[in-house]
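# A closer look at the structure
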Amino acid sequence: MIKKYLFNISKLLPPSNREEVIKEIEAGLYDFLEEHYGKGDYTEAQLESAILAMGHPKQVADAYRGRSSALISGRYFDLYLLVLKIALVASLVGTGFAIAIGEVVSASSGDSLLVSFFIDLFSAFWDIGLNVFAVVTLIFALVEYYSPMDEAISVEAPWDIKTFHQMPDFSEAVSRVDMIFEIFFTSVGIAVVNTLLPNVLSDKTSSMIILSVSLVMAVQILLDCYLLFKGNWQMSTRLITLLLNGISLAFSYLIFMSPLGIDHQLVSIKLGERIASGVQISLAITFAIIAIIIVWDSIGHIKRLITEGKINR
Amino acid sequence: MTELSTIIQNAGQELKRGTLVLAVLTQLTEPQYGYSMIQALNDLGIEIEQNTLYPLLRRLEKQGLLESLWQVEDNRPRRYYQISAQGVELKEALIKEWEKLNEALSKMIKGGLYD
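The model shown is predicted, which means the values in this text are computed figures rather than measured ones. (Residues numbered from 1 in each chain as written. Chains lettered and ligands numbered in written order. Predicted model: local features only at pLDDT ≥ 70, side-chain atom pairs only at ≥ 80, totals over all residues. Heavy atoms only, no water.)

### Some thoughts on the overall build of chain B
The helix and strand inventory of chain B stands at four helices and three strands. Helices (α) and strands (β) of chain B occur, in sequence order from the N terminus, as α-β-α-α-β-β-α. In chain B, which comprises 115 residues, the share counted as buried stands at 31%. Counted over contacts in chain B with a minimum sequence separation of 6, partners at least 24 positions apart contribute 43%. Surface accessibility of chain B: about 7700 Å² in total, with carbon and sulfur atoms responsible for 56%. (Helix = DSSP H or I, 4+ residues; strand = E, 2+ residues; numbered from the N terminus. Buried < 20%, exposed > 50% of the residue type's maximum accessible area, 1.4 Å probe, protein only. Contact = heavy atoms within 4.5 Å. Areas by Shrake-Rupley, 256 points an atom, 1.4 Å probe, with all protein chains shown as cover.)

So, in structure tokens, the structure goes:
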């Protein structure tokens, strides 16, 4: 019961001091129990009395983090800073990479200057950096405003421990490192797609493909942020991931392998026949690597879904 | 609860809240853990809830006014707090402020009574 109560408080605390605050509250609960009921094992009713004396999880969490009128409160601020840093670094790396390739292509046609390269790079960094900052801030401000994970609780009204959220299954815990890598590489992907692809896709389809791919990647980043905050996988998030994997695989095929994607004639004109055939092989290898990663990830999720299904039955 | 009694209750809580830091600092010349503080304050007539005191102790420690130490007793951790040198300075300053305020308010209240 105590673990469930502490879990409900921890969900409302910022990750930076969550562990220590929870340790402190747990110590306080046991101090209360020891003072009132002595040492030893405690009954459910005794545990419940200690919890009721400590207060509603929301009230306790509010007392520790303080009420905030900031655009993004302490509850989300750590995650906001983390996502902002990753998205900024990744999009700048991606943009730099895409512009460098663009400059190499221009250089092969003999019309490049080092100065223009740095001007392009600086203006793209400024432009993308501001956009990323604005989008990430807007997303978190909306999450803060609507607080989807914070149901309306009246701490003054009588409350019952039975209404608390169940503890998650910790074998379903999200790997923080995996999520950070995924946000990083997806942000690099968005930058590359928006900077490099307009030069190599056929005009008819380019804007549609770029918009759709960017949207899918943005949804992926949103899902990763949600998982980082929640800390554990659920059936719904696994199903959304499978759906996104399927869409990503289809788009990868469309861009790298289909005639609607990268225009090989355009590449040949810009880079010459010999380099273009090398690029074609590289694209096929890239697609194969992406496909293997997506299929591997999807198999993992399907396995977990099947296991969960068997347990629930 | 009537509107007036709610206002009285809120004003009373507001008044007490302002004195809590001083009350806590006066009690921490010897190391104490959170729940023992609550009992000590309650015995002296200052009622304070756990979810008010624990975050307050944590905030005072962050400000350098308290020092804390985790100790394991009977296989479970317990956090002890004690006033720091900076906390002692603040306590002395607050006591002077309190005495001035008390004197001034006493005069005002007595004055009011004889109006």
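### Focus: helix α10 (residues 235-256) of chain A
All names here are of chain A. For α10, spanning 22 residues, the distance from its first C-alpha to its last is 31 Å, which sits close to the expected 32 Å at 1.5 Å a residue. Considered for burial, the residues of α10 that qualify are Thr237, Arg238, Thr241, Leu244, Asn245, Phe251, Ser252, Ile255 and Phe256. Within α10, the buried residues cover an arc of 145 degrees as seen down the axis, which keeps them to one side. (Expected span 1.5 Å × (residues − 1). Arc of directions from axis to C-beta.)

### Thoughts on the pattern of salt bridges
Inspection of every chain in the model, using the stated rule, returns 15 salt bridges over all chains. Lys58(A) is the salt-bridge partner of Asp62(A), the closest N and O atoms lying 3.3 Å from each other. Placement of the pair is Asp62(A) and Lys58(A) together in helix α4 (residues 57-65), with a separation of four residues, close to one helical turn. Lys58(A) carries the same exposure label as Asp62(A), and that label is buried. Of the charged contacts, one joins Glu97(B) and Lys100(B) as a salt bridge, the two residues approaching to 3.8 Å between their closest N and O atoms. Residue Glu97(B) and its partner Lys100(B) are both found in helix α4 (residues 85-114); the two are separated by three residues, about one turn of the helix. Take Lys100(B): its relative accessible area is 55%, and that puts it in the exposed class. Look at the salt bridges and you will find they share partners, linking Glu20(A), Glu24(A), Arg58(B), Glu61(B) and Arg79(B) into a network. (Salt bridge = Lys/Arg side-chain N within 4 Å of Asp/Glu carboxyl O.)

### Digging into the packing of helix α2 (residues 34-43) of chain B against helix α3 (residues 50-62) of chain B
Any two packed helices are characterised by the angle at which their axes cross and by the distance between the axes. Residue and element names in this part refer to chain B. α3 packs onto α2 with a crossing angle of 120 degrees between their chain directions and a minimal axis gap of 10 Å. The angle between α2 and α3 places the two elements in the oblique class. Pair α2 / α3 crosses with right-handed handedness. Across the interface between the two elements, Gly34, Tyr35, Met37, Ile38 and Leu41 from α2 touch Gln50, Leu53, Tyr54 and Leu57 from α3. (Axes fitted to C-alpha atoms, helices over the stretch in contact; angles between N-to-C directions. Parallel < 35°, antiparallel > 145°, perpendicular 65-115°, else oblique. Left-handed = near helix turned anticlockwise from the far one by under 90°.)

### Some details on the packing of aromatic side chains
All names here are of chain A. In this structure the tally under the stated criterion is six aromatic pairs over all chains. A ring pair is formed by Tyr80 and Phe140, whose centres lie 5.4 Å apart and whose planes are at 70 degrees; its orientation type is edge-to-face. One end of the pair, Tyr80, is in helix α5 (residues 74-108); the other, Phe140, is in helix α6 (residues 114-146), and 60 residues separate them in sequence. Accessibility assignment for this pair places Tyr80 and Phe140 in one class, buried. (Phe/Tyr/Trp six-rings, centres within 6.5 Å; stacked < 30°, edge-to-face > 60°.)

### Regarding empty space enclosed by the protein
Within the structure shown, the criterion is met by one cavity of 30 Å³ or more. Lining the largest cavity are Glu24(A), Ala27(A), Gly28(A), Asp31(A), Tyr33(B), Gly34(B), Tyr54(B), Leu57(B), Arg78(B), Arg79(B) and Tyr81(B). Counting residues per element, the lining of the largest cavity draws most heavily on helix α2 (residues 15-37) of chain A, at four residues. Here the residues of the lining of the largest cavity are counted per class, giving five nonpolar, two polar and four charged. (1 Å grid on protein atoms, 1.4 Å probe; cavity = no way out; pocket = protein on both sides within 12 Å on 5 of 7 lines; lining within 4 Å. Points joined across faces, edges and corners; volume = space filled by probe spheres on them. Nonpolar A, V, L, I, M, F, W, Y, C, P; charged D, E, K, R; others polar.)

### Comments concerning the interface of chain B and chain A
Taken together, the contact pairs 15 residues of chain B with 21 residues of chain A. Buried surface at the junction of chain B and chain A, summed over both partners, amounts to about 1800 Å²; 47% is from carbon and sulfur atoms. For the chain B face of the interface with chain A, the top three residues by lost area are Tyr35(B), Asn51(B) and Arg58(B), together amounting to 32%. Along the contact surface separating chain B from chain A lie eight salt bridges. For Glu20(A), the salt bridge goes to Arg58(B), with nearest N and O atoms at 3.8 Å. Joining chain B to chain A, the criterion identifies nine residue pairs in polar contact (both at pLDDT 80 or more). Residue composition of the side of chain B that touches chain A, grouped by class: seven nonpolar, three polar and five charged. (Buried area = accessible area lost by both parts, 1.4 Å probe. Polar contact = N/O pair within 3.5 Å; in protein donor to acceptor, adjacent residues only side chain to side chain.)

### Section: the pairing of strand β2 (residues 66-73) of chain B
Residue and element names in this part refer to chain B. Looking at chain direction, β2 and strand β3 (residues 76-83) are connected through eight bridges and run antiparallel. The residue of β3 that forms the bridge with Val72 is Pro77. Between the end of β2 and the start of β3, which pair antiparallel, lie two residues, with Asp74 showing a positive phi angle near 50 degrees. (Pairing = 2+ DSSP bridges.)

In short, the description is geometric, and any link to function would need to be established separately.
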